[in-house]
Every structure is written in structure tokens, then in C-alpha cells.
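# Structural overview
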Amino acid sequence: MNGSTMAPPLPGVGSPGGFETASPRGRSVREWLNGPGLGWLALIALAGAQAFGLLATPADRDMGHLQKIMYVHVPAAWAALVAFFLVFVWSVLYLWRRSARYDGLAVAAAEAGVVFTALTLTLGSLWGRPTWGVWWTWDPRLTTTAILLLIYAGYLALRAFTDEPDRRARWSAAVGVLGFLNVPIVYMSVRWWRTLHQVQSTPDTLEPTFAWGLRLNAIAFLLLLAYFIVRRRRVAQLERRIDARLESAALAGG
Amino acid sequence: MNAGRRLRRAVLPAAGLLVVLGGFGYLLYGGLESNLVYFLTPSELVARGAEAYDVPLRLGGQVMPGSVHWDAPALSLTFQMTDGARAVRIRSRGAPPQMFREGIGVVVEGRYRPTGLFESSNLMVKHSNEYRAPHPGERPEALYRTLLRERSGGE
Amino acid sequence: MSEWGYVVAAFGLTWLVLLAYAAYLWRRIRRADALLAQLPGAPPSAEETLP
């Protein structure tokens, strides 16, 4: 019943970080990514960026302090769109290389993307009530974002329903590629169609300190996204390893 | 392999994929023209003529300066909404959102009556993508109070 | 709710959601680690015991 005689280290199963580099420097980067360092860095960045946004930026002429919700709503939306872009890239890489490693990365990004999209919608609702006058309206930006959330929630549900790892990885990679079609639609919806949601602000339409509040929070949110992906892909890797052990045990036992 | 397992393995993923693709098809071809017109402009509303009467719809435009009247005892707000070419008279019940003021973009939900009055059941304020700090010496809270005074100053 | 009420709610919710998801991931990793340790098979190599 010794697994080591049954199964030589499977590709993508044996290395904790998955960032397979032989160099000592690559190894230390991998160790750092898997340790608590990235999480603490992201949390400190978030606390700092939010302190700056809450304490160091003035009120907006029209909105007063409500403008500050921008510092969490917009970076959450950016983090979600970046996450879904990564799902797309890793899904393409999976379909090309058929390595379980890319499947683990794709599901990690998808789950983080769902968290950030749900957060974006809720924060937008909290911003919309006092400024627009409504918690929700079916304008194209809000509707396409709700569809975005459904697509990737569907992606996760599809995975929960499919047991066989290769089939699950293939199907979810297909959804990861096709689902990405909606991302540019969400982004462009405020320009293509009439919406209640305003179009994207640019540095020209933002008070410079507001733009800084936004940038700092965006950095913190992207660090958090990176942290979530690293942790979630660790889960995927451990689960693959558990499956491999169970399989080799069953083979040895039967 | 029993039927339940086969369902989980083949039918559900296929159904999920169909839903995703169907959603896109609908969004891109079916819904684009009709459902994605979130609001009509006053010009489009007037051009529709009698067809636009008494049906629920959304209307969007700017609050015409000098046209706002707030009847506090009756909680009734009236103003002209314009798109630059045409103007429609709007009546809305209840206090408007805090940011409501002359010149700002608004979207109203309600019905257009043959009398030419649009009865709004829901008034939403559309903010621009501009965010600015108050001018020196100006406090946003004070700005709000001025706006509120202006709004209720009508009667 | 006041202006600051919405702002505090938004920032508070952000922390709540992000910390809850981080905690959920920690728990999944801890559980998977525990399960892996119970399973028969190769003893964990030095690689596997990295933090």
C-alpha cells in the first residue's frame, strides 16, 4: 500500500506553489507566495488606502462624502474584471496544454471574481440608494453585471455538479472562455447604451486626490485578488493530491 | 452507470452551457434593440404620439433650470425635463433624492398622460462622471442646505 | 441613513466580505491538509510541508 511505488510525482501535483522554477530565487518567491506574507501585505495596503480615502480626501461638491464609496466600489469592479480575464487566459492555457495546474488557477480566479462581483453589486446598491434614489434599476450596466455574476456562479455550480476531473476541467474551461465574452460588454455598456450608471471617470474628470484614493485602493484590491488566487489554487492542489492518493489506495486495495 | 449519475455528468453541464450561450444570443441579438433602450428622450416620447400615452415607460433628460416647483404640503414636485430639443412636464410624488437640482440629469419611471403631463412614480438622479472638491470656502453640507432651501422656496 | 452611514456601511461590508472569504479559504486549506495527512500514501515530503 505504498503510494510512492504506485504513482510517481504527477505533473502539477508535487509542487506547492505551482510556479515551477528550479532556481533558488524562484523557490523563495514560491515560498513567500504560499506563506502569509502576501495576505498581510494586501491587508496593510487595504487599511492604508482606505484610511487615505476616508481621512485625507475632501468631500465631493455634489455628493458630499458619499463619493468615498467610489474607493471600494470601483476597485472591486476592476478586481472582478481582472479576475475574469485571468479565468479566460488560464482556460485557454488549459485547453491548449491540458494541465490540471491551469484548471486550478482558473477556478481560483473565478471564485475570487464572483466574490468581487457580488461585492461590486452590493456596494453599488449602497451608493445608488442615496445618490440615484434607488437600490437597483434594470439599466444595461447593472443588468449585464448581474448576468456576469450569474455566468461565473454557473461556472462554479457546473464544477460542483461534475465529478470526473478531466471532464470538469474541459467543460469549465469552455465556460471560462465563452463567459469572458460578457466582460467587454459590461465594460462598454455605459458607452454603447443609455444607462443610469455614469460612464467611466478619467483623470480629467476626477479631482486629483480622488484619483489617488482610487489608485491606492485599486492596488490593495489587486493584491487581495492575487492573495485569494494563490490560496484558492492551493486548495485545488491539495484536493488533486487527495484524489490521487485515494485513487492509488483504491488501486492497491482492489 | 445509473441515470442520475449520467444526468449529473452530461446533461447538466450541457444545459449550463446552453443557458450561457442562450443568454448571450439574447443579449446580443434579441434584446439589444428593444430592451436595452433604458429610457426614451423627451423628443422620442413626443414623436411616439398617442402610442406613448398611459403605458409604463422611462424618460430621461435634464431638469430645465427655472422650472422646478416643490409643493411641500402636497409632497408634489413638478419640473420640465428637456433633451435640448423638446421638453416634457413631469410631476413626481414625494421628496426627490438629495442630489436633485436644476440642470442635473434625471430618469423618471411612470406614465405619460394625454394631457401632456408625465406622472412619475419613481425619480432617479443620474450623476455625471465628474467628481470635484468644493471651491475654497465652500462646504458641501452648506451647499446641500442651499439646495434644499431653493427647492422648498417655491411656495 | 445619513451620508456617513452609507459610507461606513460600504467600507464595513468590504472588510466583512473580504475577511470572510479569506477565512473560508484558510478553513478549506486546513481541512484538506488534515485529510491528506490521514490518507494512506507517501509520507509528506519536505515540499509538501511548506507553510
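As shown above, the structure is provided for reference.
Computed from a prediction, not measured in an experiment: that's the story for all the values here.

Bringing the packing of aromatic side chains into the picture now. In total, this model carries 16 aromatic pairs over all chains according to the counting rule given. Seen in terms of ring centroids, Phe85(A) and Phe180(A) are 5.8 Å apart; in terms of plane orientation they differ by 55 degrees. Their pairing is tilted. Of the two residues, Phe85(A) sits in helix α4 (residues 70-97) while Phe180(A) sits in the loop between α7 (165-178) and α8 (182-192), which places them 95 residues apart along the sequence. For the pair Tyr38(B) and Phe39(B), a centre-to-centre distance of 5.9 Å together with 70 degrees between the ring planes defines the contact as edge-to-face. Judged by its relative accessible area of 2%, Tyr38(B) is buried. Here the aromatic cluster, defined as three or more aromatic residues joined through ring pairs, consists of Phe116(A), Phe221(A), Tyr227(A), Phe228(A), Tyr21(C) and Tyr24(C). Directly above the ring of Trp96(A) sits Arg97(A), whose terminal nitrogen or CZ lies 4.5 Å from the centroid. The ring of Trp26(C) has Arg231(A) sitting right over it, with the charged end atom 4.2 Å from the ring centre.

On the side of chain A, 50 residues touch chain C, which itself brings 32 residues to the contact. Interface of chain C and chain A: buried area, both sides summed, is about 4,000 Å²; carbon and sulfur atoms make up 72% of it. Broken down residue by residue, the surface that chain C buries against chain A is led by Tyr6(C), Phe11(C) and Tyr21(C), which jointly contribute 17%. Across the contact surface, chain C and chain A share two salt bridges. Across the chain C-chain A interface, the total number found is six residue pairs in polar contact (both at pLDDT 80 or more). For the side of chain C that touches chain A, a count of residues per class yields 25 nonpolar, two polar and five charged.

Let us look at the layout of surface pockets. Over the atoms, a rolled probe matching the size of one water molecule traces out where space is still vacant. Residue and element names in this part refer to chain A. Taken as a whole, the second largest pocket spans an internal volume of roughly 760 Å³. Around the second largest pocket, the lining is made up of 38 residues, and of these His 73, Val 74, Ala 77, Arg 141 and His 197 lie nearest the centre. Those elements that place two or more of their residues in the lining of the second largest pocket are α4, α5 (100-131), α6 (140-161), α8 and α9 (208-253). When residues in the lining of the second largest pocket are grouped by element, the largest group, eight residues, is from α5.

Rules and cut-offs
Residues numbered from 1 in each chain as written. Chains lettered and ligands numbered in written order. Predicted model: local features only at pLDDT ≥ 70, side-chain atom pairs only at ≥ 80, totals over all residues. Heavy atoms only, no water. Phe/Tyr/Trp six-rings, centres within 6.5 Å; stacked < 30°, edge-to-face > 60°. Helix = DSSP H or I, 4+ residues; strand = E, 2+ residues; numbered from the N terminus. Buried < 20%, exposed > 50% of the residue type's maximum accessible area, 1.4 Å probe, protein only. Lys NZ or Arg CZ within 6 Å of the ring centre and 35° of its normal. Contact = heavy atoms within 4.5 Å. Buried area = accessible area lost by both parts, 1.4 Å probe. Salt bridge = Lys/Arg side-chain N within 4 Å of Asp/Glu carboxyl O. Polar contact = N/O pair within 3.5 Å; in protein donor to acceptor, adjacent residues only side chain to side chain. Nonpolar A, V, L, I, M, F, W, Y, C, P; charged D, E, K, R; others polar. 1 Å grid on protein atoms, 1.4 Å probe; cavity = no way out; pocket = protein on both sides within 12 Å on 5 of 7 lines; lining within 4 Å. Points joined across faces, edges and corners; volume = space filled by probe spheres on them.

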